[in-house]
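As a plain string of letters, each chain reads:
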2 protein chains.
Amino acid sequence: MQSAQAIHASSGDADFLYATGMHVPDPAFWFRKGHRSYLVASALELGRARRQASVTHVLDEVAWTRKVERAMGRPPRREEVYARILLAKKVRALDVPASFPLGTADVLRAAGVEVTPRSAPFFPQRMIKRADEIAAVRAAQAATERALEAALVILREARSRGGGLRRGGERVTSETLRSAIELSLAREGLVAQHTIVASGDQCVDPHDCGSGPIRPNSPIIIDIFPRDTRTGYHADMTRTVVRGTASREVREIYDLVHAGQRYAFDRIRGGCDAQAIHRGIRGLFTDAGWPTGPRDGRNQGFFHGTGHGIGLDVHEPPTFGDRPSTLPAGAIVTVEPGLYYTGIGGVRLEDMVLVTPDGCEQVTAAPKILEI
Amino acid sequence: MQSAQAIHASSGDADFLYATGMHVPDPAFWFRKGHRSYLVASALELGRARRQASVTHVLDEVAWTRKVERAMGRPPRREEVYARILLAKKVRALDVPASFPLGTADVLRAAGVEVTPRSAPFFPQRMIKRADEIAAVRAAQAATERALEAALVILREARSRGGGLRRGGERVTSETLRSAIELSLAREGLVAQHTIVASGDQCVDPHDCGSGPIRPNSPIIIDIFPRDTRTGYHADMTRTVVRGTASREVREIYDLVHAGQRYAFDRIRGGCDAQAIHRGIRGLFTDAGWPTGPRDGRNQGFFHGTGHGIGLDVHEPPTFGDRPSTLPAGAIVTVEPGLYYTGIGGVRLEDMVLVTPDGCEQVTAAPKILEI
């Protein structure tokens, strides 16, 4: 018999959102046993839960709390109420995500419920995108490409002056470009945080958001990964551009990173060995004279994964890096090799592809042009 | 001796952000023992962690993983690496937040580390705002008031036509107003999600975001709770307005909710009994003929808390509702009574106040005007 499953989280947790289809700002308790699924709803959420939640049963937390209080002779903790509900529904063993809150698990265990954390993916079917999920990612990506264009327009109109770039009398900075991107997204109902617009040596830390003046003739990494607030689905795209003329080294690593992407596109198909593709790209870079490893006390080269699954989470299974993994047909994954060296800067190119039984389909349409 | 503390989370977790001062998109492991604090940083975050994280020691996850792999003779799981690091630092007992991931806790426990979940607040000092934190909330609130004004301008310019409101030939909807609010916030670097613009009976579900046409002469609840992406701090404000003329009932509950707020403002001071204030407001409403409880299978009246602490989380301790709690001086809390009845609609008014030793200071400046 299949174990029951439970999640205790807000809809910021993608598994919760996937299970309930409902946005809740504070953690709520969901569980499933066989074909019955339950959401324990607070007074605040009860009415909406009954109309919106994709569960077979909505339970009234206030009523259950009163009942448990009568039985215990004192006001129960929330987790104690959940434990009583589980026992009333004859749930004795639960599978939960590895991220399940320890505080809740300890109370359930003390009440005699066996709680087993399962490593991701908790819902393996989340990897395999339905048509509506693919459409949601494509819609988010289309808006993301328009947001990128909003930044590129500013760069194209900017002129080199005094070592920096100026447009309409204003200095062009990471902040200028980030703001243009995030405003464009907001106009279409997407939310982006920590959008990366990094230039020069800032690029060498792939999660540095970037700040300050943008210089001409230097690589700028633009990595946009918004969430569509209507659907909850994400897009993720990176482009590297130079306003002006790229150095020989930047041109060389740009072409190599692009070749790394093509290496992956040629090999991705349902069931492919993701780790082998990742290592293949790193080998390609090393063979071309651009190795990976610490240098001057800093990681340099290609020191992150090749990609990741994307959907309700911006990073979700399958993994696509230096750990054993296969890419199932139906997954949407990013392909985002990069090369980073202090003194040169960094280059990253990132597209999303839909894995198919015998190859992959591009989700991303934005062109790749280094010098603008 | 004080136990060591640990957090395993991304910077989406406010405790992690408070402890490390660093934005990381994926979960990372932080712990503290005495005056030493540690962040285990992946290859991707190592350089940035060394420059940005407010910890005494940054540990290289890749180097530790290699070391543990040599000892175990197989690639370790991430959590196994954390366990080895803890043992190497002679940490045998850990306090963790109740939200600490069960998957990690079970691995640490199996390695012999005692792990104890602590109920919120994990860092009680987070409740007591420093001057820079108060300034961050005030800045977020100022931007929020400008965003509210962007919506009110649209409502004021709208004209009643065919049972709806139109402006410049377009129907005014919840979506129109939400978009104006969120764009105004985005322009100032704040991110809002699920901003509530609910009208008519939608108001009766306090977490219904609202959708569709806005009607004249009907209450509209506007609840804005953005996060300032530069600081991580939140604001939270609700106003209820009617475009046109409010019904007698709406006017009556509006005045009563406003009186409920004043009841709280008169009683909030460092050490005050939050539950007593909450019950006092509900009593005030009941005495005036507007009771709380289920009616027609739906919660009606004043069925949520009076408020909540706010800071790096939009909802954080202290609690301010029907559970025992005191408000410490230095906390910023919302005061947001509401009354909701099907057939009438809802009214909620929400301000933030800073609790002081002998009273409270308003953080919110926006006026309260029902009919606009």
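Values in this document were obtained by computation on a predicted structure and should not be read as measured data.

Residue and element names in this part refer to chain B. For the pair helix 3 (residues 61-72) and helix 4 (residues 78-88), the least separation of the axes is 10 Å and the interaxial angle reads 90°. Taken together, the axes of helix 3 and helix 4 lie roughly perpendicular to each other. Two secondary-structure elements touch here, helix 3 through Glu-61, Trp-64, Thr-65 and Val-68 and helix 4 through Glu-80, Val-81, Arg-84 and Ile-85. Considered class by class, the residues forming the contact of helix 3 with helix 4 number 4 nonpolar, 1 polar and 3 charged.

This paragraph deals with the domain arrangement of chain A. Residues and elements named next belong to chain A. When its domains are assigned, chain A resolves into domain 1 (4-126) and domain 2 (131-362). Between domain 1 and domain 2, the C-alpha centre-to-centre distance is 37 Å. Each side of the interface is counted separately: domain 1 has 6 residues, and domain 2 has 6 residues.

Let us look at the nonpolar core. One finds Trp30(A), Leu39(A), Leu339(A), Trp30(B), Leu39(B) and Leu339(B) to be the most contacted residues of the largest nonpolar core, which totals 220 residues. Once you skip the residues sitting within four places of it in the chain, Leu39(A) turns out to touch Thr20(A), Ala28(A), Trp30(A), Ala49(A), Ala53(A), Val55(A), Val58(A) and Leu59(A).

So, on to the sheet that holds strand 2 (residues 28-33) of chain B. Residues and elements named next belong to chain B. Taken in spatial order, the 6 strands of this open sheet run 4-3-2-1-5-6, and their pairing is mixed. The sheet is open, and its two borders are formed by strand 4 (57-60) and strand 6 (114-118), each paired with just one other strand. The mean inter-strand angle of the sheet, taken between neighbouring strand axes irrespective of direction, is 25°. Strand direction decides the pairing type here: strand 5 (residues 93-97) and strand 6, joined by 5 bridges, are parallel. Opposite Asp-95, over in strand 6, you have Thr-116 as the bridge partner.

Turning to the relation of the copies chain B and chain A, a few remarks are in order. The two copies are related by a screw motion: chain B maps onto chain A through a turn of 180° and a shift of 0.0 Å along the axis, at an RMSD of 0.0 Å. Both copies of the chain, as the preceding transformation shows, are related through a two-fold rotation axis. Among all residues of chain B, the one whose C-alpha sits closest to the rotation axis is Leu102(B), at a distance of 2.3 Å. A symmetric contact is evident, with 100% of the interface residues of chain B recurring at the interface of chain A.

Our focus in this paragraph is the interface of chain B and chain A. At the interface, 39 residues of chain B touch 39 residues of chain A. Those elements that provide at least two residues to the side of chain B that touches chain A are helix 2 (46-52), helix 5 (102-110), strand 6, helix 7 (174-187) and strand 17 (298-300) of chain B. Looking at the side of chain B that touches chain A, its residues break down into 18 nonpolar, 12 polar and 9 charged.

This part covers the sheet that holds strand 7 (residues 159-161) of chain B. All names here are of chain B. The sheet built from 3 strands is open, its strands ordered 7-8-9 with antiparallel pairing. Of all strands in the sheet, those bounded by a partner on one side alone are strand 7 and strand 9 (170-171). Where strand 8 (residues 164-167) lies against strand 9, 2 bridges are found, and the strand directions are antiparallel. By the bridge assignment for strand 9, Arg-167 is matched with Glu-170.

Conventions and cut-offs
- Residues numbered from 1 in each chain as written.
- Chains lettered and ligands numbered in written order.
- Predicted model: local features only at pLDDT ≥ 70, side-chain atom pairs only at ≥ 80, totals over all residues.
- Axes fitted to C-alpha atoms, helices over the stretch in contact; angles between N-to-C directions.
- Helix = DSSP H or I, 4+ residues; strand = E, 2+ residues; numbered from the N terminus.
- Parallel < 35°, antiparallel > 145°, perpendicular 65-115°, else oblique.
- Contact = placed C-beta atoms within 7 Å.
- Nonpolar A, V, L, I, M, F, W, Y, C, P; charged D, E, K, R; others polar.
- Domains from an automatic or database assignment.
- Core = buried A, V, L, I, M, F, W, Y, C linked by C-beta atoms within 7 Å.
- Buried ≥ 20, exposed ≤ 12 C-beta atoms within 10 Å, placed from the backbone.
- Pairing = 2+ DSSP bridges.
- Least-squares fit on C-alpha atoms with pLDDT ≥ 70 in both.

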